[in-house]
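Chain residues, written in single-letter form:
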Amino acid sequence: PSPVEERPSVGAPPFEAAPPIQDEKEFDVETDKYILTFSNIGGSLKRIRLKGYKEARSGEPLTLVDIKDPLTFIFQMSDPTNSVALESSEYELKKDPNAITYTFSHKDLEVTKNFILHNSKHIIELQILIKNRSPAGRSFSYRIVGGSGLTELSPQDIRFIEVRSELDGKVSNFKRPKKDRIINPGLVSWIALKNKYFSIILKPFLATQNQFYSEARDDTLVTGIE
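What you see is a predicted model, and the numbers here were worked out from it, not measured in a lab.

Some points on the pattern of salt bridges
Pairing between side chains of opposite charge can happen when the charged atoms of each approach one another.
Move 1: Applying the stated criterion to the full structure yields 17 salt bridges.
Move 2: In this structure, the salt-bridge partner of K51 is E30, at a minimum N-O distance of 2.6 Å. With K51 in strand β4 (residues 44-54) and E30 in strand β2 (residues 26-30), the pair connects residues that are 21 residues apart, well separated along the chain.
Move 3: K51 sits in the partly exposed class, given a relative accessible area of 26%.

Now the structure itself:
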């Protein structure tokens, strides 16, 4: 299918909008492979530091991404109808020896994001539970950010930053969008954001409607699925 540019959706929203809360609280967690910084805004990931690689000058763990805009945090969820502020509201944190859980509740909707960390692998597993507490059935779709924040220090290496994905069994590369968010409908096996040396890959285990990519406000690329 041909890519499409996003247009505003129409129709009645499935849930009443929740007011965003911007009281950010960070939470750091460390494994053998990385140091992660989570944010309660959207219950998402804003910073990744790799322990197996070092910063050239300081010798500290290499900062792979350090994202400033909460709307583009990794694992950030959003509602395509804009009826629920999933991406800008405060989530409640619960810490467990083997998992990190963020929960958001508003009226009849409850979203739980359970992060499972693998100590010896560069893997983060995310389980999402969406609960409708109303007796009436409702349809609900969401977008989730897979890759964001990858940059290059050298101007000549910016050309290596791109989106790559397997969509309907075909692997494709995508450069920077001309404008707005670009949507490619289909079944996504995986979607990656890569620079010269690293890739951030999102692999869904459920059927998808499409993959998307866009430019963030700081001109970095953002990828994800719906």
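What to know about the sheet that holds strand β3 (residues 34-39)
Move 1: Taken in spatial order, the four strands line up as β2-β3-β4-β5 in an open sheet, and their pairing is antiparallel. Strand pairing shows two members of the sheet lacking a second neighbour, β2 and β5 (61-66), which therefore form its edges. Strand after strand, the sheet turns through a mean of 20° between neighbouring axes, direction not considered.
Move 2: Across six bridges, the pairing between β3 and β4 is antiparallel. In the strand pairing of β4, Y34 is matched with L50.

Calculation rules
Residues numbered from 1 in each chain as written. Predicted model: local features only at pLDDT ≥ 70, side-chain atom pairs only at ≥ 80, totals over all residues. Heavy atoms only, no water. Salt bridge = Lys/Arg side-chain N within 4 Å of Asp/Glu carboxyl O. Helix = DSSP H or I, 4+ residues; strand = E, 2+ residues; numbered from the N terminus. Buried < 20%, exposed > 50% of the residue type's maximum accessible area, 1.4 Å probe, protein only. Pairing = 2+ DSSP bridges. Axes fitted to C-alpha atoms, helices over the stretch in contact; angles between N-to-C directions.

Function-wise, these values are silent; they only describe arrangement.
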